[in-house]
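Chain by chain, the residues run as shown.
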Amino acid sequence: MTCTLFLVRHGATAANAEGRYVGWEDHPLSADGLAQAEAAARYLSRFRLTGMRTSDLMRCRQTAERIGRATGLTPAPDPRLRELNFGRFSGLTYEEIARQWPEELAAWLADPEHAPPPGGESLASLRSRALAALPRQDGAVVVTHGGVIRTVLAHLTGRGLWDWRVPPGAMVLLRWDGERAVDEPRVWRPEAGE
């Protein structure tokens, strides 16, 4: 059975704006992020939706709460929808990681599928838990993180992880059959007026 899902990346945080690997750290939305969450909520309010799952981290819960108010849906937190656990890289910029953990960074970049950051998790682990958390019901909303969305899209389409640009506040219309995307997923960011 084919179903349509709306995948929503949480709105921006101050750490996103600084280019930090946030991972499982809990950060609130910035003013821009709150505006992005409101734009997503307004956009989704025009559809008949059937349910909403969200990462249990604050930035996703804040986004999901706004969508819930606009749509009447109650967000169901699910830790399987968390961002990649970056371990000791969490909270650092790429430059800081390269300076503090050069060998570990090189090992991770050489095989992110199987080699986790120190104290973190691999992409294979993220993909497994994220796919298991995707609802199999038509018209559901999933509020999650950029890494989760890119990993899911790469797996379901057979394309590369970095083929997908999913900025904070972006939304993906995904039609899938439980195994693969049935057409090209559409990625966009609703504007404040939509």
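Reading the values: rules and limits
Residues numbered from 1 in each chain as written. Predicted model: local features only at pLDDT ≥ 70, side-chain atom pairs only at ≥ 80, totals over all residues. Heavy atoms only, no water. Helix = DSSP H or I, 4+ residues; strand = E, 2+ residues; numbered from the N terminus. Rg over C-alpha atoms; globule rule 2.2 N^0.38 Å. Buried < 20%, exposed > 50% of the residue type's maximum accessible area, 1.4 Å probe, protein only. Contact = heavy atoms within 4.5 Å. Areas by Shrake-Rupley, 256 points an atom, 1.4 Å probe, with all protein chains shown as cover. Lys, Arg positive; Asp, Glu negative; His and termini not counted. Charge placed at Lys NZ, Arg CZ, Asp CG, Glu CD. Phe/Tyr/Trp six-rings, centres within 6.5 Å; stacked < 30°, edge-to-face > 60°. Lys NZ or Arg CZ within 6 Å of the ring centre and 35° of its normal. Polar contact = N/O pair within 3.5 Å; in protein donor to acceptor, adjacent residues only side chain to side chain. Expected span 1.5 Å × (residues − 1). Pairing = 2+ DSSP bridges. Axes fitted to C-alpha atoms, helices over the stretch in contact; angles between N-to-C directions. Parallel < 35°, antiparallel > 145°, perpendicular 65-115°, else oblique. Left-handed = near helix turned anticlockwise from the far one by under 90°. Nonpolar A, V, L, I, M, F, W, Y, C, P; charged D, E, K, R; others polar.

Draft legend 1. Geometry of the overall build of the chain. In terms of helices and strands, the chain carries seven helices and six strands. Along the chain, from the amino end to the carboxyl end, the secondary structure elements read β-α-α-β-α-β-α-α-α-β-α-β-β. The C-alpha atoms of the chain give 16 Å as radius of gyration, which agrees with the globular expectation for 194 residues (16 Å, within 12%). Structurally, the chain occupies a C-alpha span of about 50 × 35 × 25 Å along its principal axes. Across the 194 residues of the chain, 51% fall into the buried class. Nonlocal contacts in the chain, meaning residues at least 24 apart in sequence, comprise 68% of its contacts between residues at least 6 apart. As displayed, the chain has an accessible area near 8,900 Å², and 50% of this comes from carbon and sulfur atoms. With 24 positive and 24 negative side-chain charges, the chain shows a spacing of 5 Å between the two charge centroids.

Draft legend 2. Representation of the packing of aromatic side chains. Using the criterion set out here, one finds seven aromatic pairs in the structure. Seen in terms of ring centroids, Tyr-43 and Phe-47 are 5.5 Å apart; in terms of plane orientation they differ by 50°. Their pairing is tilted. Classification of Tyr-43 by relative accessible area gives buried; the value is 8%. Over the face of the ring belonging to Trp-24 we find Arg-82, whose NZ or CZ atom lies 4.8 Å from the ring centre. The ring of Trp-188 is capped by Arg-186, whose NZ or CZ atom sits 3.9 Å from the centre of that ring.

Draft legend 3. Main features of the side chain of Thr-144. Tracing the chain through its elements places Thr-144 in strand E4 (residues 140–144). Given a relative accessible area of 2%, Thr-144 falls into the buried group. Within the structure, Thr-144 has its side chain in polar contact with the backbone oxygen of Leu-81 (distance 2.6 Å). Thr-144 has contacts with Val-8, Arg-9, His-10, Ser-55, Cys-60, Leu-81 and Ile-149, leaving out every residue within four places of it along the chain.

Draft legend 4. Just helix H7 (residues 146–157), in detail. Under the 1.5 Å per step criterion, the end-to-end length of H7 is 16 Å for 12 residues, consistent within 8% with the ideal 16 Å. Among the residues of H7, those classed as buried are Gly-146, Gly-147, Val-148, Ile-149, Arg-150, Thr-151, Val-152, Leu-153, Ala-154 and Leu-156. If you follow the buried residues of H7, they end up packed against strand E1 (3–9), helix H6 (123–133), E4, strand E5 (171–176) and strand E6 (186–188). Positive phi appears at Gly-158, one or two residues downstream of H7, with a value of about 80°.

Draft legend 5. Representation of the environment of Ile-149 in the model. Secondary-structure assignment places Ile-149 in helix H7. When neighbours within four sequence positions are excluded, Ile-149 is seen to be in contact with Leu-7, Val-8, Arg-9, Thr-144, Val-166 and Val-172.

Draft legend 6. Structural context of the sheet that holds E5. One open sheet holds the six strands; their spatial order is E3-E2-E4-E1-E5-E6, and the pairing between them is mixed. The strands lining the two open edges of the sheet, one partner per strand, are strand E3 (75–77) and E6. Averaged over all neighbouring strand pairs, the angle between strand axes comes to 20°, with direction disregarded. Bridging between E1 and E5 involves six bridges; their strand directions are antiparallel. Bridge pairing links Leu-5 to Leu-174 in E5. Contacting E1, strand E2 (51–54), E3 and E4, helix H3 (residues 58–71) crosses the sheet at an angle of about 165° to E2.

Draft legend 7. Highlighting the pairing of E4. Counted residue by residue, E4 has five buried out of five residues, so it is predominantly covered. Here E4 shows two buried faces, one formed by Ala-140, Val-142 and Thr-144 and the other by Val-141 and Val-143.

Draft legend 8. Structural context of the pairing of E5. Sheet topology places E5 next to E6; three bridges connect them, and they run antiparallel. Looking at the pairing, Leu-173 lines up with Arg-186 of E6.

Draft legend 9. Region of interest: the packing of helix H2 (residues 31–44) against H3. With their axes 8 Å apart at the nearest point, H2 and H3 run at an angle of 30° to one another. As far as their axial angle goes, H3 and H2 are roughly parallel. When you trace H2 past H3, the crossing you get is right-handed. Where H2 abuts H3, its residues Leu-34, Ala-37, Glu-38, Ala-41 and Leu-44 lie against Thr-63, Arg-66, Ile-67, Arg-69, Ala-70 and Thr-71. In terms of residue class, the contact of H2 with H3 is made up of six nonpolar, two polar and three charged.

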